[in-house]
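Coordinates in review
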Amino acid sequence: MPRYARSEREALAELMSTLGPDAPTVNEGWTTRDLAAHLVVRERRPDAGAGIVVAPLRGYAERVRCEIAALDWPELLDQVRRPPVWSPVSNPLVDELANNLEFFIHHEDVRRAQAGWRPRELPTGLDRALWRRTSALARLALRRFPAHLLVQAPGQGELATGRGGEPLRLVGTPGELALFLSGRQRVARVQLDGAPELVDRLRGARLGF
């Protein structure tokens, strides 16, 4: 069985090693060091990792992340490369499910912040895996959007979501849709068809985890 989470992790760590700790990322205000620390918190500090998604814990999570970001760069990268087997989000039983989307997105966060980047041609299996996760993400992220929204990934599938109203169509590869729906609209290469005001509203919507 292909291990796309592992291959995306290794590619991301190699790219960050090449670029160094101060390279920009798509995440506003974050360097590669900041992103690496985020990944380490998520996998190695369950006490703080909950703050990534639970608002009252975000202050504590950010303090822990800043402490980890102060590690020597080689040590920080080594912790990204080698997740602990006890981690609730990266142990061998859940790694592919929990991390293929996570590490694909963060790999692109670094790639697309560099000059001259181009979209990758992904393996068919990774496209399928990303569509499975992205279709669920689309239903969750867009369920209250005021339109009858059709999300299409040619060759993979389509789904209808939204609160109803005027039609709007969002088209892209699973990877591009994943980036768009995780709040990275400005770097995602997708097609939007519909009323201009709805297109603009979705491009500027606050999406993500």
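Look up a bit, the structure's there.
Heads up: these notes are all about the structure in this document. (Residues numbered from 1 in each chain as written. Predicted model: local features only at pLDDT ≥ 70, side-chain atom pairs only at ≥ 80, totals over all residues. Heavy atoms only, no water.)

1. As for the nonpolar core
Our working definition: Side-chain atoms within 4.5 Å are what join buried Ala, Val, Leu, Ile, Met, Phe, Trp, Tyr and Cys residues into a set we call a nonpolar core. Note on classification: 1.4 Å probe, protein chains only; a residue is buried when its accessible area is under 20% of the maximum for its type, exposed when over 50%, partly exposed between these limits. Per the convention used, a helix needs a DSSP run of H or I reaching at least four residues, while a strand needs a run of E reaching at least two, with both numbered from the N terminus. Any two residues having at least one pair of non-hydrogen atoms within 4.5 Å are treated as being in contact.
Judged by nonpolar contacts, the single largest core of 32 residues is most densely connected at L142, L149, V151, L168, L170, F180 and L202. The element contributing the most residues to this core is helix α7 (residues 124-142), with six residues. If we ignore the near neighbours within four places in the chain, the residues touching L168 are F145, A147, H148, L149, L150, L192, D193, G194, L198, V199 and L202. Among the nonpolar cores identified, the runner-up in size contains 19 residues, and L35, L76, L77 and F103 belong to it.

2. Observations concerning the pattern of salt bridges
Short version of the rule: Salt bridges are counted wherever a side-chain nitrogen of Lys or Arg sits within 4 Å of a carboxyl oxygen of Asp or Glu.
Under the criterion given, the structure shown has 15 salt bridges. Residues R42 and E102 are paired through a salt bridge, measuring 3.6 Å at the closest nitrogen-oxygen approach. One end of the pair, R42, is in helix α2 (residues 32-44); the other, E102, is in helix α6 (residues 95-111), and 60 residues separate them in sequence. Here R42 falls in the buried class, since its relative accessible area comes to 14%. Notably, a salt bridge pairs R65 with E62, separated by 2.7 Å at the nearest N-O pair. Of this pair, R65 and E62 both sit in helix α4 (residues 58-69), three residues apart, roughly one helical turn. By relative accessible area, which is 34% here, E62 ends up partly exposed. Linked through salt bridges whose partners overlap, the residues forming this network are E8, E108, R111, R112, R120 and E176.

3. Digging into helix α5 (residues 73-81)
Let me state the cut-off plainly: The directions from the helix axis to the C-beta atoms are what the arc is built from.
Listing the buried residues of α5 in full gives W73, L76, L77, Q79 and V80. An end-on view of α5 places all buried positions within 155° of arc, on one side of the element. Turning to α5, the residues buried within the fold contact α1 (4-19), α2, α4 and α6.

4. Side note on the environment of A136
With respect to the helices, strands and loops of the structure, A136 is situated in helix α7. Counting along the chain gives 23 residues from A136 to L159, while the straight-line C-alpha distance between them is 9.6 Å.

5. Quick look at the sheet that holds strand β4 (residues 191-194)
Rule in force here: Only when DSSP finds a minimum of two bridges between them are two strands counted as paired. To get an axis, a line is fitted to the C-alpha atoms, and for a helix only the part in contact is used. The angle between two axes follows their N-to-C directions and goes from 0 to 180 degrees.
Taken in spatial order, the four strands of this open sheet run β2-β1-β3-β4, and their pairing is mixed. Each end of this open sheet is capped by a strand with a single partner; those strands are β2 (157-161) and β4. Each adjacent strand pair in this sheet contributes to an overall mean axis angle of 15°, direction not counted. Bridging between strand β1 (residues 148-153) and strand β3 (residues 167-171) involves five bridges; their strand directions are parallel.

6. Focus on the pairing of β2
Taken together, the five bridges between β1 and β2 define a ladder with antiparallel strand orientation. Note that in β2 the partner of L149 across the bridge is T161. Counting the residues in the hairpin turn of β1 and β2 gives three residues, including G155, whose phi is positive at 85°.

7. Some remarks on a nonpolar patch on the surface
The following threshold applies: For patches, a residue must show more than 30% relative accessible area and have no salt bridge; joins then use 9 Å for like charges and 5 Å for nonpolar side chains, namely Val, Leu, Ile, Met, Phe, Trp and Tyr. The Shrake-Rupley method, run with a 1.4 Å probe, gives the accessible areas here. Residue values count only the displayed protein chains as cover.
Together, I52, V53, V54 and L57 line one region of the surface with nonpolar side chains, adding up to about 290 Å² of accessible area. The residue I52 is located in the loop between α3 (46-49) and α4 in this model. Residue I52 is classed as partly exposed on the basis of its relative accessible area of 34%.

8. Quick look at the environment of V53
Here V53 lies in the loop between α3 and α4. Exposure remark for V53: the relative accessible area of 57% places this residue in the exposed category.

9. Points about the side chain of D109
To be explicit about the condition: Side-chain atoms alone can form a polar contact between residues adjacent in sequence; in general such a contact is a pair of N or O atoms within 3.5 Å, and within protein one must be able to donate a hydrogen while the other accepts it.
Following the sequence through the fold, D109 ends up in helix α6. A distance of 2.8 Å separates a polar atom in the side chain of D109 from a polar atom in the side chain of H106. Aside from chain neighbours lying at most four places away, what touches D109 is T25, V26, N27, L35 and R184.

10. Quick notes on helix α8 (residues 174-181)
In terms of residue burial, α8 counts as a mostly covered element, since eight of its eight residues are buried. Among the residues of α8, P174, G175, E176, L177, A178, L179, F180 and L181 are the ones counted as buried. Residues of α8 that are buried make contact with α6, α7, β1, β3, β4 and α9 (196-203). Remark: G183 follows α8 within two positions and exhibits a positive phi of approximately 95°.

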